[in-house]
Amino acid sequence: MENLIETTKFLLKKYKLSANKNLGQNFLINENVVNSIVESSSISEEDVVIEIGPGLGNLTEELLKKAGKVIAIELDDRMTEILKDRFFMYKNFELINDDVLKVDLNSLIKEQKNNGLKRAKIVANLPYYITTPIIMKLLEEKLDIASITVMIQKEVADRLIAVPGSKLSGAITYCVSYYAESESVMIVENNSFIPEPSVDSEVIKLTIRNNPSVEVVDEQEFFKLIKVSFMQRRKTFLNSLVNGGIFKDKEEAKVMFDDLELDYNIRGEKLSIEDFARISNYLVSKKNK
Ligand code: SAM
């Protein structure tokens, strides 16, 4: 691999550019981190890799050497010009100049699978200002993907890969654990980027489950219940359900707590994903009666 510090400085100078902070541009210049991201994604020629935010292409280059195809989605026109020049010789490179949140990833993946590629994988050093919307899009659209390997802020990573029901967990923890198995790949030092970000970073890998981790009758109700119970973290689960409009008053809520043998004082963050599934399925069955 070429020296990424030199390549980055050279490209920025050649194209007379500087990083756009509003677009979350922190270019990866640490070869070991690039290698770890690529290795932990276990990419082969049977894979199509969708890279979100390729920037100057420092990660893209290594992905191109391993994958059957790399589709890079970049919002910044200044970057797409560089990427076209840098990778014109790679036949397996495709570039989409758009906001990833607006791209129809489902159709994109279907098309690649019809072309004979076996698995789709997401790999990215994500723009931190939209980490959560991107991860939620990737999970909620139920894309036909094998895994998501991404660099994100460490603080967000801690929450995403927390054990549901542990101190660090939040509504998004349950969502991730519903769709995927998660693991930390590595913590990344700030001096691995130009410019250095003001927050710590971590690479995580989400391996998409064949089936969700719990059986839920109505997914929309399940996620609404989780959201409501985390809206006011310092309140008990019972109070959150009443304040969130799931029950009209405490007395009505207590009937469910008694039926399901739940402690009136329990807090939402203490509930496991199985608890939420059980409660949500109970609520749906009562609604349908
Ligand atoms: N992959 C490069 C690297 O590791 O050096 C750059 C990563 S940088 C943290 C994030 C990249 O995402 C930037 O190139 C930025 O322009 C791009 N980006 C920001 N918002 C985007 C969006 N909504 N859709 C697609 N790309 C976006």
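No experiment lies behind these values; they were computed from the predicted model shown. What you see as residue numbers is a count from 1 along each chain, following the sequence as written. For a predicted model such as this one, the threshold for reporting local features is a pLDDT of at least 70, and the threshold for listing and counting side-chain atom pairs is 80 or more; totals across whole chains, interfaces and linings nevertheless cover every residue. Think of the side-chain values as coming from all heavy atoms in the structure, minus any hydrogens and water.

## A closer look at the site of the ligand
Residues are classed as near a molecule or strand on a simple rule: at least one heavy atom within 4 Å of it. The environment of the ligand is made up of 22 residues, and the closest members are Leu28, Gly53, Glu74, Asn125 and Tyr129. Take glutamine 25: an N or O atom from its side chain is 2.9 Å from an oxygen atom of the ligand. Identification of polar contacts relies on pairs of N or O atoms within 3.5 Å, with a donor-acceptor requirement for protein atoms, meaning one able to donate a hydrogen and the other able to accept it, and with residues adjacent in sequence counted only if both atoms are side-chain atoms. Note that a nitrogen atom of the ligand is positioned 2.8 Å from one of the backbone N or O atoms of glycine 53. Whether a set of points on the 1 Å grid over the protein atoms alone is a cavity depends on a 1.4 Å probe fitting there but being unable to get out, while an open set qualifies as a pocket with protein on both sides within 12 Å along at least five of seven lines; lining residues are those with an atom within 4 Å of a point. Should more than half of a molecule's atoms lie within 2 Å of a pocket's or cavity's grid points, that molecule is taken to sit in it. Judged by the fraction of its atoms near the pocket grid, the ligand is located in the largest pocket. Secondary structure is summarised from DSSP: a helix means a run of H or I of at least four residues, a strand means a run of E of at least two, and numbering begins at the N terminus for each. For the shell around the ligand, the secondary-structure elements that each account for two or more residues are strand S1 (27-28) and strand S3 (69-74). Its residues assigned to classes, the shell around the ligand comprises 11 nonpolar, 6 polar and 5 charged. Under this grouping Gly is polar, as are all residues other than the nonpolar Ala, Val, Leu, Ile, Met, Phe, Trp, Tyr, Cys and Pro and the charged Asp, Glu, Lys and Arg.

## Here's the deal with the packing of aromatic side chains
Classification of ring pairs uses Phe, Tyr and Trp, with its six-membered ring standing for Trp, and accepts pairs whose centres are within 6.5 Å; under 30 degrees between planes counts as stacked, over 60 as edge-to-face, and the remaining range as tilted. Across all of its chains, the model carries 13 aromatic pairs by this definition. Ring geometry for tyrosine 174 against phenylalanine 230: centres 5.5 Å apart, planes inclined by 45 degrees, an arrangement best described as tilted. Taken as a pair, tyrosine 174 in helix H8 (residues 171-179) and phenylalanine 230 in helix H9 (residues 219-231) lie far apart in primary sequence, 56 residues in all. As far as burial versus exposure is concerned, tyrosine 174 and phenylalanine 230 are alike and both buried. Remark: exposure states derive from per-residue accessible area (1.4 Å probe, protein chains only) relative to the maximum for the residue type, with buried under 20%, exposed over 50%, and partly exposed in between.

## A word on the pairing of strand S5 (residues 119-125)
The element S5 is extensively covered by neighbouring structure, given that 6 of its 7 residues are classed as buried. For two strands to count as paired, DSSP must find a minimum of two bridges between them. Sheet topology places strand S2 (residues 47-52) next to S5; 6 bridges connect them, and they run parallel. Bridging across to S5, isoleucine 50 finds its partner in isoleucine 122. Looking at chain direction, S5 and strand S6 (residues 147-153) are connected through 5 bridges and run parallel. The residue bridging alanine 124 from the neighbouring strand is valine 150, located in S6. Handedness of a crossover is defined as follows: orient the strands so they point away from the viewer, and if the path from the first strand over the helix to the second runs clockwise, the crossover is right-handed. Regarding topology, helix H6 (residues 131-140) serves as the crossover connection from S5 to the parallel S6, and that connection is right-handed.

## Brief notes about the side chain of serine 41
Relative to the helices and strands, serine 41 is located in the loop between helix H2 (31-40) and S2. Residues in contact with serine 41, not counting those within four places in the same chain, are Lys121, Val123, Thr149 and Lys205. Only heavy atoms matter for contacts: two residues are in contact if any of them lie within 4.5 Å across the pair.

## A word on the sheet that holds strand S7 (residues 180-188)
Within the open sheet, the 7 strands sit side by side as S4-S3-S2-S5-S6-S9-S7. Their pairing is mixed. Two strands close off the open sheet at either side, each with one partner strand: strand S4 (93-97) and S7. Within the sheet, the average angular offset between the axes of one strand and its neighbour, ignoring direction, is 20 degrees. To get an axis, a line is fitted to the C-alpha atoms, and for a helix only the part in contact is used. The angle between two axes follows their N-to-C directions and goes from 0 to 180 degrees. H2 rests against S5, S6, S7 and strand S9 (201-208) of the sheet, and its axis sits at about 165 degrees to S7.

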